[in-house]
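Okay, here's what each chain looks like letter by letter:
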Amino acid sequence: MQNIECSVKILSKQEIFKDYKKNNPNIFLLSAFTILETEELIWQLNYYNPDKDNLVTFTPVKNKRTEEQKLFKESKDIQKLNLKNKKINIDKALDIITKLLNEKYSSEKINKEIITICTIKDKTLWNFMLLTSSLKTINIKLDALTYEIISQELIPLTSLRKN
């Protein structure tokens, strides 16, 4: 599986990123996400521009970027995603999630897995949002350095409906 660091390295060599960075020198990696559908992970990298208070997403394997978007943030605490720590490993995180699913959610059939990594309150977290065939989501937050499960919940999608 391609790791995030590899995607960042590929992106750093692409003209689409170099040109954007030249015009926006203060951007930094905010988060990364992928939708696990095959063995190949296609990481999308979110970069934050503090000068414009917006977000742009790059997809290195497709040599693409989105238009700039305003960031809807709940707090002013926007933190850079630091990938230099070698303990961060998607394969290990997936092993832990698989074990948890087998132990606690074995009756649920997972249709789609959305995986995000970001830093919140100085903690780098994996967030797994798993969509099930029974119209539920399983949300699991995992510390990306210690692999401790921070939270987990099973939410029926019908409970998200507004009255």
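Here is what the cut-offs are and how they apply
- Residue numbers here run from 1 along each chain, matching the order of that chain's written sequence.
- Residues qualify for local features only when their pLDDT is at least 70, as the model is predicted, and side-chain atom pairs are given and counted only at 80 or more; totals for whole chains, interfaces and linings, by contrast, use all residues.
- The side-chain numbers reported here are obtained from all heavy atoms of the structure, hydrogens and water having been left aside.
- Ring pairs shown here join Phe, Tyr and Trp side chains whose ring centres sit within 6.5 Å, with only the six-membered ring taken for Trp; geometry is labelled stacked below 30 degrees between planes, edge-to-face above 60, and tilted in between.
- Strands here are runs of E lasting at least two residues and helices are runs of H or I lasting at least four, both read from the DSSP assignment and numbered beginning at the N terminus.
- Only protein chains enter the area calculation, which uses a 1.4 Å probe; residues under 20% of their type maximum are buried, those over 50% are exposed, and those in between are partly exposed.
- Only buried residues count toward a nonpolar core, which is a set of Ala, Val, Leu, Ile, Met, Phe, Trp, Tyr and Cys residues joined through side-chain atoms within 4.5 Å.
- Criterion used throughout: strands pair if DSSP finds at least two bridges between them.

Student: Kindly report on the packing of aromatic side chains, identifying the contributing residues and their values.
Tutor: Here the distance between the centres and the angle between the planes together describe a pair of aromatic rings. Applying the stated criterion across every chain yields a total of 7 aromatic pairs. Ring geometry for Phe17 versus Tyr47: centroids 5.2 Å apart, planes at 55°, classification tilted. Of this pair, Phe17 sits in helix 2 (residues 15-23) while Tyr47 sits in strand 2 (residues 44-49), and the two are 30 residues apart along the sequence. Neither Phe17 nor Tyr47 differs from the other in exposure class; each is buried.

Student: Which residues make up unusual backbone geometry, and what values do they have?
Tutor: Phi at Asn63 is positive, roughly 50°, even though this residue is not glycine. Accessibility expressed as a relative area gives 44% for Asn63, which makes it partly exposed.

Student: Outline the environment of Asp91, listing residues and values.
Tutor: Relative to the elements of secondary structure, Asp91 occurs in helix 3 (residues 90-104). Note: C-alpha distance between Asp91 and Glu37 (54 residues apart in sequence) is 15 Å.

Student: Kindly report on the nonpolar core, identifying the contributing residues and their values.
Tutor: Core analysis: the largest hydrophobic core is formed by 34 residues, its most contacted members being Trp43, Tyr47, Trp126 and Phe128. Phe28, Leu30, Tyr48 and Leu71 belong to the second largest nonpolar core, which has 5 residues in total.

Student: Tell me what's going on with the pairing of strand 3 (residues 54-59), and back it up with residues and numbers.
Tutor: In terms of residue burial, strand 3 counts as a mostly covered element, since 6 of its 6 residues are buried. Side chains Asn54, Val56 and Phe58 of strand 3 all project onto a buried face; the interleaved residues Leu55, Thr57 and Thr59 project onto the opposite face, where all are buried too. Where strand 2 and strand 3 come together, 5 bridges link them in antiparallel fashion. Pairing of Asn49 across the sheet is with Asn54, part of strand 3. Between the antiparallel neighbours strand 2 and strand 3 lie 4 residues, among them Asp53 with a positive phi of about 55°. As judged from the 2 bridges shared by strand 3 and strand 5 (residues 69-70), these two strands associate in the antiparallel manner. Paired with Leu55 across the strands is Gln69, a residue of strand 5. Pairing between strand 3 and strand 4 (residues 64-65): 2 bridges, direction antiparallel. Paired with Phe58 across the bridge in strand 4 is Arg65. In textbook terms, the turn of a hairpin is the stretch between consecutive antiparallel strands, and for strand 3 and strand 4 this stretch comprises 4 residues, one of which, Asn63, has a positive phi near 50°.

Student: Which residues make up the pairing of strand 6 (residues 110-120), and what values do they have?
Tutor: Relative to strand 6, strand 1 (residues 28-36) runs antiparallel, the two sharing 6 bridges. Its bridge partner lying in strand 6, Leu36 is registered against Glu113. Pairing geometry for strand 6 and strand 7 (residues 123-132), over 10 bridges, is antiparallel. If you follow Glu113 over to strand 7, its bridge partner there is Leu130. If you look at the hairpin formed by strand 6 and strand 7, you'll find 2 residues sitting between the two strands, and Lys121 has a positive phi there, around 50°.

Taken by themselves, the reported measurements are silent on function.
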